[in-house]
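Residue-level listing of the chains:
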Amino acid sequence: MTRPATELEEGEETRTCRKDSTHTETRPVPVLTEHQFPLKKAEAKEASCTEEGNKEHWICEGCGKLFADEKAQKELSPEDVTIPPDRP
């Protein structure tokens, strides 16, 4: 493996012929679909009249994506988890 794939970037693999080392082949390695980094739980936080709150969610420590569950099966946007201030 020349450059391993990550959750964010494609990798690259170069193979060399055993009979003639001048013959090489390079191919891309797709971006990983499984998260390789741990997910950190973000506890729910109630919004106040001046500060935003948030719904419970999980954050991938590698790519920063947000998820509804600890198995990273449902991706969320920041808007999905943000609770706006509760202004009177």
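Okay, so let's go over this structure.

Calculation notes
- Residues numbered from 1 in each chain as written.
- Predicted model: local features only at pLDDT ≥ 70, side-chain atom pairs only at ≥ 80, totals over all residues.
- Heavy atoms only, no water.
- Helix = DSSP H or I, 4+ residues; strand = E, 2+ residues; numbered from the N terminus.
- Rg over C-alpha atoms; globule rule 2.2 N^0.38 Å.
- Buried < 20%, exposed > 50% of the residue type's maximum accessible area, 1.4 Å probe, protein only.
- Contact = heavy atoms within 4.5 Å.
- Areas by Shrake-Rupley, 256 points an atom, 1.4 Å probe, with all protein chains shown as cover.
- Polar contact = N/O pair within 3.5 Å; in protein donor to acceptor, adjacent residues only side chain to side chain.
- Pairing = 2+ DSSP bridges.

### Points about the overall build of the protein chain
Within the protein chain one finds one helix and eight strands. Mapped from its N terminus to its C terminus, the protein chain presents α and β elements in the order β-β-β-β-β-β-β-α-β. Here the C-alpha atoms of the protein chain give a radius of gyration of 21 Å, more than 25% beyond the 12 Å that 2.2 N^0.38 yields for 88 residues. Dimensions along the principal axes, computed over C-alpha positions, put the protein chain at roughly 75 × 20 × 15 Å. In the protein chain, which comprises 88 residues, the proportion classed as buried is 20%. Put simply, 38% of the contacts in the protein chain that link residues at least 6 apart link residues at least 24 apart. Working note: accessible area of the protein chain is about 7,000 Å², and carbon and sulfur atoms make up 48% of it.

### What to know about the side chain of Asn54
When you line up the elements, Asn54 lands in strand S4 (residues 53-54). The exposure class assigned to Asn54 is buried, which follows from its relative accessible area of 18%. Of note is the side chain of Asn54, whose polar atom sits 2.9 Å from the backbone oxygen of Glu43. Sequence-distant contacts of Asn54, that is, excluding residues within four places in its chain, are made with Ala42, Glu43, Ala44, Lys45, Val81 and Ile83.

### Let's talk about the sheet that holds strand S5 (residues 57-60)
Here we have four strands laid out as an open sheet, ordered S3-S5-S6-S7, and antiparallel in their pairing. On the outer flanks of this sheet lie strand S3 (39-42) and strand S7 (75-76), each paired with one strand and no other. Pairing between strand S6 (residues 66-67) and S7: two bridges, direction antiparallel. When the sheet's bridge partners are listed, Phe67 is paired in S7 with Glu75.

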